[in-house]
Amino acid sequence: DIQMTQSPSSLSASVGDTVTITCRASQGISSWLAWYQQKPEKAPKSLIYAASSLHSGVPSRFSGSRSGTDFTLTISSLQPEDFATYYCQQYNSYPLTFGQGTRLEIK
Amino acid sequence: EVQLVESGGGLVQPGGSLRLSCAASGFTFSDHYMDWVRQAPGKGLEWVGRTRNKANSYTTEYAASVKGRFTISRDDSKNSLYLQMNSLKTEDTAVYYCARRGLGGNYFPFDYWGQGTLVTVSS
């Protein structure tokens, strides 16, 4: 199975800050990586696919990138509604696997 | 508007069975692969399994943790996805989400999720 390791596991930031979350795959997954946002007691929301493509309706302050097996999610100019938990997921091969999540909290 | 609505969750004893349903609307259900993803209380997301579409013979994939106990099926005439869960264990306690795999080639992740249904396995 491909392991997805996210860092940090939690992060505190202020409105207006720029934050970066990293996800490392245990083996090559090409660019078949997605990012999801989940707020408490809510279903996940799809943000990014193919490492850097935004789903329709996702604000442009969200961006993703890839370097080898390392992937990053960057959120620029944090808004109050961005405080949530973020998960990466590889869809290169079965079983599909998620990172453990990064909780983004208000400082 | 795409909608996925799960139902069928509840309390079940260890060793018991439960069948979850996911009613889809707002899109051509038969075109899409559909998945189940679960989340244990306070934990992260865990993929459960997938059913492909008719064009791909409705074949299925499962996580090792549920293989042989859970069965995913679909009824395209009813725009519905199902998860039959047998031999339930306490560690199967979770919110179960149905998720739609987007269209866009051989590799595509989930693009829409249901609101989830809670399954509690306890004596």
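Each remark here, short or long, concerns the structure printed above.
In this report, we go over the structure that sits alongside the text. The structure displayed is predicted, hence computed values, not measured ones.

### Observations regarding the overall build of chain A
So, step 1. Regarding its fold elements, chain A presents zero helices and 11 strands.
So, step 2. From first element to last, N terminus to C terminus, chain A shows the α and β order β-β-β-β-β-β-β-β-β-β-β.
So, step 3. Its C-alpha atoms give chain A principal-axis dimensions of about 35 × 25 × 25 Å.
So, step 4. Counting all 107 residues of chain A, 46% fall into the buried class.
So, step 5. Of the contacts formed within chain A by residues at least 6 apart in sequence, a portion of 55% connects residues at least 24 apart.
So, step 6. For chain A, the exposed surface amounts to about 4,900 Å²; the carbon and sulfur share of it is 44%.
So, step 7. One finds the centroid of the 8 positive side-chain charges in chain A at a distance of 3 Å from the centroid of its 7 negative side-chain charges.

### Looking at the side chain of Gln37 of chain A
All names here are of chain A.
So, step 1. With respect to the element layout, Gln37 can be found in strand 4 (residues 33-38).
So, step 2. Given a relative accessible area of 8%, Gln37 falls into the buried group.
So, step 3. A distance of 2.9 Å separates the side chain of Gln37 from the side chain of Tyr86, its partner in a polar contact.
So, step 4. Excluding its chain neighbours within four sequence positions, the residues that come into contact with Gln37 are Ala43, Pro44, Lys45, Leu47, Phe62, Glu81, Asp82, Ala84, Thr85 and Tyr86.

### Here we look at the sheet that holds strand 3 (residues 19-25) of chain A
Residues and elements named next belong to chain A.
So, step 1. Strand order in this open sheet of four strands is 1-3-8-7, and the pairing throughout is antiparallel. Among the strands making up the open sheet, the edge pair consists of strand 1 (4-7) and strand 7 (62-67). Strand-to-strand twist of the sheet, defined as the mean angle between neighbouring strand axes without regard to direction, takes the value 20 degrees.

Conventions and cut-offs
- Residues numbered from 1 in each chain as written.
- Chains lettered and ligands numbered in written order.
- Predicted model: local features only at pLDDT ≥ 70, side-chain atom pairs only at ≥ 80, totals over all residues.
- Heavy atoms only, no water.
- Helix = DSSP H or I, 4+ residues; strand = E, 2+ residues; numbered from the N terminus.
- Buried < 20%, exposed > 50% of the residue type's maximum accessible area, 1.4 Å probe, protein only.
- Contact = heavy atoms within 4.5 Å.
- Areas by Shrake-Rupley, 256 points an atom, 1.4 Å probe, with all protein chains shown as cover.
- Lys, Arg positive; Asp, Glu negative; His and termini not counted.
- Charge placed at Lys NZ, Arg CZ, Asp CG, Glu CD.
- Polar contact = N/O pair within 3.5 Å; in protein donor to acceptor, adjacent residues only side chain to side chain.
- Pairing = 2+ DSSP bridges.
- Axes fitted to C-alpha atoms, helices over the stretch in contact; angles between N-to-C directions.

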